[in-house]
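Given next are the chains, with one letter for each unit.
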Amino acid sequence: MIDQTKLPTALEYIECRDPETVFAAIRRLSVRGAPAIGIAAAMGLVLGIRDFGVRPGVGDEGGGGHEGFVKVVNRVSDYLASSRPTAVNLFWALERMKRCALKHMAQSIDKIKQAMLDEALAIRDEDARMCHAIGRHGAALIPEGGSVITHCNAGSLATAEYGTALAPMYASHAEGKSFTVYVDETRPLLQGARLTAWELMRAGIQIALICDNAAAHVMKRKGVDVVITGADRIAANGDAANKIGTYGLAVLAQAHGVPFYIAAPSSTFDLDACDGDSIPIEERDPDEIRRGFGVLTAPVDAPCYCPAFDVTPASLIAGIITEKGLISPVTGDSICETLGS
Ligand code: MRU
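Reference entry: report on the structure contained in this document. (Residues numbered from 1 in each chain as written. Predicted model: local features only at pLDDT ≥ 70, side-chain atom pairs only at ≥ 80, totals over all residues. Heavy atoms only, no water.)

Thoughts on the pairing of strand β7 (residues 260-263)
For the record, the criterion: Burial status follows relative accessibility: with a 1.4 Å probe on protein chains alone, a residue under 20% of its type maximum counts as buried, one over 50% as exposed, and anything between as partly exposed. Only DSSP runs of H or I covering at least 4 residues are called helices, and only runs of E covering at least 2 are called strands; the numbering of each starts at the N terminus. By this definition, two strands are paired if DSSP reports at least two bridges between them.
Burial of the side chains of β7 extends over both faces: Phe 260 and Ile 262 are buried on one face and Tyr 261 and Ala 263 on the other. Summarising the sheet, strand β4 (residues 226-229) and β7 pair through three bridges and their orientation is parallel. Following the sheet pairing, Ile 228 is matched in β7 by Tyr 261. In terms of strand pairing, β7 meets strand β10 (residues 319-322) through three bridges, oriented parallel. Bridge pairing in β10 places Ala 263 opposite Ile 321.

Examining the packing of helix α5 (residues 109-138) against helix α6 (residues 167-174)
Between two packed helices, the angle of one axis relative to the other and the distance separating the axes together describe the packing. Condition: Here, axes are lines fitted to C-alpha atoms. For helices the fit covers the stretch in contact, and angles between N-to-C directions go from 0 to 180 degrees. Each angle gets one of four labels, with under 35 degrees taken as roughly parallel, over 145 as roughly antiparallel, 65 to 115 as roughly perpendicular, and the rest as oblique. For any pair of crossing helices, the crossing counts as left-handed if the nearer helix is rotated counterclockwise from the farther one by less than a right angle, and right-handed if it is rotated clockwise. Any two residues whose heavy atoms approach within 4.5 Å are treated as being in contact. Each residue gets one label: Ala, Val, Leu, Ile, Met, Phe, Trp, Tyr, Cys and Pro are nonpolar, Asp, Glu, Lys and Arg are charged, and the others, such as Gly, are polar.
Look at α5 against α6: their axes get within 7 Å of each other, and the N-to-C directions meet at 65°. Taken together, the axes of α5 and α6 lie roughly perpendicular to each other. Of the two possible hands of crossing, α5 and α6 adopt the one that is right-handed. Counting all contacts with α5, which are made through Cys 131, Ile 134, Gly 135, Arg 136 and Gly 138, the residues of α6 involved are Ala 167, Pro 168 and Ala 171. Broken down by class, the residue content of the contact of α5 with α6 amounts to five nonpolar, two polar and one charged.

Topic: the environment of Leu 339
Note on placement: Leu 339 falls in helix α11 (residues 332-340). Among the residues examined, Leu 339 registers a relative accessible area of 13% and is labelled buried. Placed 192 residues apart in sequence, Leu 339 and Ser 147 show a C-alpha to C-alpha distance of 29 Å. The contacts of Leu 339, once residues within four sequence positions are left out, are Ser 266, Phe 269 and Lys 324.

So, the site of the ligand
Condition: In these notes, residues near a molecule or strand are those with any non-hydrogen atom within 4 Å of it. Definition of a polar contact: a pair of N or O atoms within 3.5 Å, with one able to donate and the other able to accept a hydrogen when the atoms are protein atoms, and with sequence-neighbouring residues admitted only if both atoms are side-chain atoms. To be clear on the numbers: accessible area is Shrake-Rupley with a 1.4 Å probe, and residue cover counts the displayed protein chains and nothing else. Points on a 1 Å grid, built from protein atoms alone, make a cavity when a 1.4 Å probe fits but cannot get out and make a pocket when they are open with protein on both sides within 12 Å along at least 5 of 7 lines; residues with an atom within 4 Å of a point are the lining residues. Each molecule is assigned to a cavity or pocket provided more than half of its atoms lie within 2 Å of the corresponding grid points.
Residues in contact with the ligand amount to 17 residues; listed here are only the nearest, Arg 32, Arg 84, Asp 232, Asn 242 and Lys 243. Here an oxygen atom of the ligand sits 2.9 Å away from a polar atom, N or O, in the main chain of Ala 34. Side-chain polar atom of Lys 243 to an oxygen atom of the ligand: 2.7 Å apart, as the coordinates give it. Protein contact buries 100% of the 410 Å² of open area that the ligand shows by itself. One can see that the ligand is located within the largest cavity. Looking at the shell around the ligand, the elements that each hand over two or more residues are α2 (34-49) and β6 (240-243). Residue composition of the shell around the ligand, grouped by class: seven nonpolar, six polar and four charged.

Describing the packing of aromatic side chains
In plain terms, the rule: Whether two aromatic rings pair depends on their centres lying within 6.5 Å, for rings of Phe, Tyr and Trp, where Trp uses its six-membered ring; planes under 30 degrees apart make the pair stacked, over 60 edge-to-face, and the rest tilted. A ring has a charge above it when a Lys NZ or an Arg CZ is no more than 6 Å from the ring centre and no more than 35 degrees off the ring normal.
Enumeration over the complete set of coordinates arrives at three aromatic pairs. The residue whose ring lies beneath Lys 243 is Phe 309, and the NZ or CZ to ring-centre distance is 4.4 Å.

Some points on unusual backbone geometry
For the bond from Leu 7 to Pro 8, the omega torsion is 10°, close enough to zero to count as cis. In this fold, Pro 8 is placed in the segment before α1 (19-27). Here the amide bond leading from Arg 187 into Pro 188 is cis, since omega sits at 0°, within 30 degrees of zero. Secondary-structure assignment places Pro 188 in the loop between β2 (180-184) and α7 (191-202).

Details of empty space enclosed by the protein
A water-sized probe, rolled over the atoms, reveals where empty space remains. Our working definition: Grid points are joined across faces, edges and corners, and a volume is the space filled by probe spheres set on the points.
Enumeration according to the criterion identifies three cavities of 30 Å³ or more in this entry. Computed from the structure, the largest cavity encloses a volume of approximately 210 Å³. Along the wall of the largest cavity there are 26 residues; nearest its centre are Arg 32, Gly 33, Ala 34, Asn 153 and Asp 232. When contributions to the lining of the largest cavity are tallied by element, the ones reaching two or more residues are α2 and β6. In terms of residues, the lining of the largest cavity owes the most to one element, α2, which gives three residues.

Considering α1
Using the following cut-off: Directions drawn from the helix axis to the C-beta atoms are what define this arc.
When we look at burial in α1, the residues that qualify are Pro 19, Val 22, Phe 23, Ala 25 and Ile 26. Down the axis of α1, the sector holding all buried residues measures 165°, keeping them to one side. A positive backbone phi angle near 70° is found at Leu 29, which sits one or two residues after α1.

Here's the deal with the sheet that holds strand β8 (residues 269-270)
Taken in spatial order, the four strands make up an open sheet running β8-β5-β6-β9, and their pairing is mixed. In this open sheet, the two edge strands, each paired with only one partner strand, are β8 and β9 (309-312). Bridge count for β6 against β9 is four bridges, and the pairing is antiparallel. If you follow Ala 241 over to β9, its bridge partner there is Val 311. The strands touched by helix α9 (residues 246-255) within the sheet are β6 and β9, with β9 carrying the most contacts at an inclination of about 35°.

Right, here's the structure in full:
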């Protein structure tokens, strides 16, 4: 996988041969973005079971055989699930992998391993297809000559390919439309500046990188047509968790009459969460604020509060662009109707 912590200054790859390397990569954001985390975890689980019964010591806890194999699947899955709490794609992908293992339990362990590898690859391939469909459904929201604001990175780096929030931009660009994307820097870890700016510029899409606190001014002076961001988890009523700062952007969008859209595949919906209050919000190391990228920019012991995500209430969201179509207005019923179809 690309080590996203090194971008944009270096394009380096991490070779993952065990679940520990995948866990560490997820936790330190070498791989990040909800769908990409899910895909990485599914593949991490495959790495965790591939030596079962081959390498001595792997799977001893269950005494070998199918029972031991299931114990290893559950242990590695629980371990990977503890890497980050908010993006539901992580748990969705791991649950799907466990269901796959159980479904093939009547077969040999080698066959179950093969089925799990196939499932992880299917999760990756389906994500790529969903992102392209999101692009097709969302492109009409970007007018010729218009402008968009996005926050964080919900592009090809955050998914199997093409992205969620960036997919309508890639699709519009492919249609030959010209438009400008205002890219929020996205404090504190600068996913917008480091990743979104990098991938949109590589694609030849016109951007203007802005400080997060410039968004209101840009909406007022530049006539922004639409805001599109991704999501890490969408509750049954449409409340959507995404990178910290997204909620503020949605409030600003409403104040300026700019429609605010979320783009996300069905794997990002958590219909067991009735609303945004039930979504766990990750808190990260205060040094990400105090000494981002190694430079001390605050008193060394300044007390900090560092939530990685916030929740935008459904009432501020004009629509959710999914691979199955646009959900608008955003209500529990319209979500069920679109996802169920
Ligand atoms: O902390 P990160 O970089 O994993 O946060 C990512 C985001 O908030 C993205 O916008 C979200 O996962 C959607 S990715 C298609």
